[in-house]
Amino acid sequence: MQLWQDYHTPTSVEETIQLLSSYAGNSRIIAGGTDLLIDLQFSHSGPMLDALIDVTAIPEMTRMSEQDGSLIVGAAVTHTNIVKSALIEAKATCLVESCGVVGGPQVRNVGTLGGNVAHALPAGDGTTSLVALDAQAEVAWGDGRREWLPILELYKGPGVSALDSSRDLLVAFRFKLSKDGEATAFKRIMRPQGVALPVLGCAVWVRLDESKQKYDCARICIGPIGSVPTRATEVELALYGQPINDDTLEKAVQIAHESLHPRTSKYRATAEYRDYMIETLLRQALPLAVKRAQTGVAQAEGVGMG
Ligand SMILES: Cc1cc2nc3c(=O)[nH]c(=O)nc-3n(C[C@H](O)[C@H](O)[C@H](O)COP(=O)(O)OP(=O)(O)OC[C@H]3O[C@@H](n4cnc5c(N)ncnc54)[C@H](O)[C@@H]3O)c2cc1C
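A few points on the structure. (Residues numbered from 1 in each chain as written. Predicted model: local features only at pLDDT ≥ 70, side-chain atom pairs only at ≥ 80, totals over all residues. Heavy atoms only, no water.)

Strand order across the open sheet formed by three strands is β1-β3-β2, with parallel pairing between neighbours. On the outer flanks of this sheet lie β1 (4–8) and β2 (27–30), each paired with one strand and no other. Each adjacent strand pair in this sheet contributes to an overall mean axis angle of 25°, direction not counted. Helix α1 (residues 13–22) rests against β1, β2 and β3 (49–54) of the sheet, and its axis sits at about 175° to β3. (Pairing = 2+ DSSP bridges. Helix = DSSP H or I, 4+ residues; strand = E, 2+ residues; numbered from the N terminus. Axes fitted to C-alpha atoms, helices over the stretch in contact; angles between N-to-C directions. Contact = heavy atoms within 4.5 Å.)

So this is what it looks like as structure tokens:
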């Protein structure tokens, strides 16, 4: 069965928006195609798409650039290229750790960070780390506006994005790179086969005080918990200004149990199992981020183990 009529490879954001507009809602953006082609093949019930608009030849969407302590990552940068970046490994380690376990090498070689976010699933591995990094997303809207907005504003429900991928384009992400006394870590639990999303993922960003013996502040994203990704704000608040020791970790774990209420998903895990794994992942990721922030040494773990 033919699923689309035309295939375009525009080379600029403006051309992409014009092409989408010319098809009046009956075309779709394609990046790596690892989610989209499966969706089109297995759930195709409506009329054939007029066109696919391939965004992988747009230079500003496939590059990474450092600006004033922040990194801008094009939405069409592949998971593999993120994993290969020594800068991201050193200064946004959780993103290398999450992109490094997406699917297998074939999926990572073509799958993009933008596709992971545009698909809008609260379990997306790239998503979990971008939330902990407090990333912003740059969107070129179909009506001609272009703006940066907090990444969480893109999520409206499971698989429901504020973006309409037949009209709007996710262009890039922007987040601050770690400075002295700051670091990140990501851990996840995944079924060995058969499903393409983790049971649970946990990304942590910490900033320590000058002595590096106390938390200054933290950002934590554990997901999926609800229908959209969220920060574990009560756990973050419990760490604020606290000494780095076992008591603080136990308190954080206790508050995570009390405040986070994961749901059961048919193919991946029960709520009870996820609740148990919240503790396991937090006990791994939080001390790892702290150790990296104290030592200034960050080497990604688990990459390629997807
Ligand atoms: C075997 C397998 C294993 C997988 N394992 C994992 C895993 O472990 N963890 C995980 O998180 N995911 C996993 N995935 C899901 C998927 O590979 C990732 O979400 C990937 O990042 C999607 O990117 P893509 O470029 O292939 O997106 P595409 O399939 O090209 O697009 C996905 C959706 O986003 C839209 N879109 C893409 N780019 C843009 C853009 N720039 N602007 C607006 N809309 C856009 C498309 O129209 C489509 O609706 C797996 C998939 C497969 C097939």
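The next point concerns the site of the ligand. Neighbouring the ligand are 32 residues; Arg28, Ile29, Thr34, Thr112 and Ala196 lie closest to it. Within the backbone of Ala31, a nitrogen or oxygen atom sits 2.8 Å from an oxygen atom of the ligand. With the chains in place, 91% of the 990 Å² that the ligand exposes on its own is no longer accessible. For the shell around the ligand, the elements supplying multiple residues, two or more each, are β2, α2 (36–42), α8 (113–118) and β10 (169–176). (Near = heavy atom within 4 Å. Polar contact = N/O pair within 3.5 Å; in protein donor to acceptor, adjacent residues only side chain to side chain. Areas by Shrake-Rupley, 256 points an atom, 1.4 Å probe, with all protein chains shown as cover.)

Another point: the layout of surface pockets. A volume near 300 Å³ is recorded for the second largest pocket. If you trace the second largest pocket, you find 18 residues lining it, with Ser70, Leu133, Phe175, Lys176 and Leu177 closest to the centre. Looking at the lining of the second largest pocket, the elements that each hand over two or more residues are β10 and β12 (200–208). Among the elements that take part in the lining of the second largest pocket, β10 stands out by supplying three residues, more than any other. When grouped by side-chain class, the residues that make up the lining of the second largest pocket number four nonpolar, four polar and ten charged. (1 Å grid on protein atoms, 1.4 Å probe; cavity = no way out; pocket = protein on both sides within 12 Å on 5 of 7 lines; lining within 4 Å. Points joined across faces, edges and corners; volume = space filled by probe spheres on them. Nonpolar A, V, L, I, M, F, W, Y, C, P; charged D, E, K, R; others polar.)

Bear in mind that shape data such as this cannot, by itself, settle questions of function.
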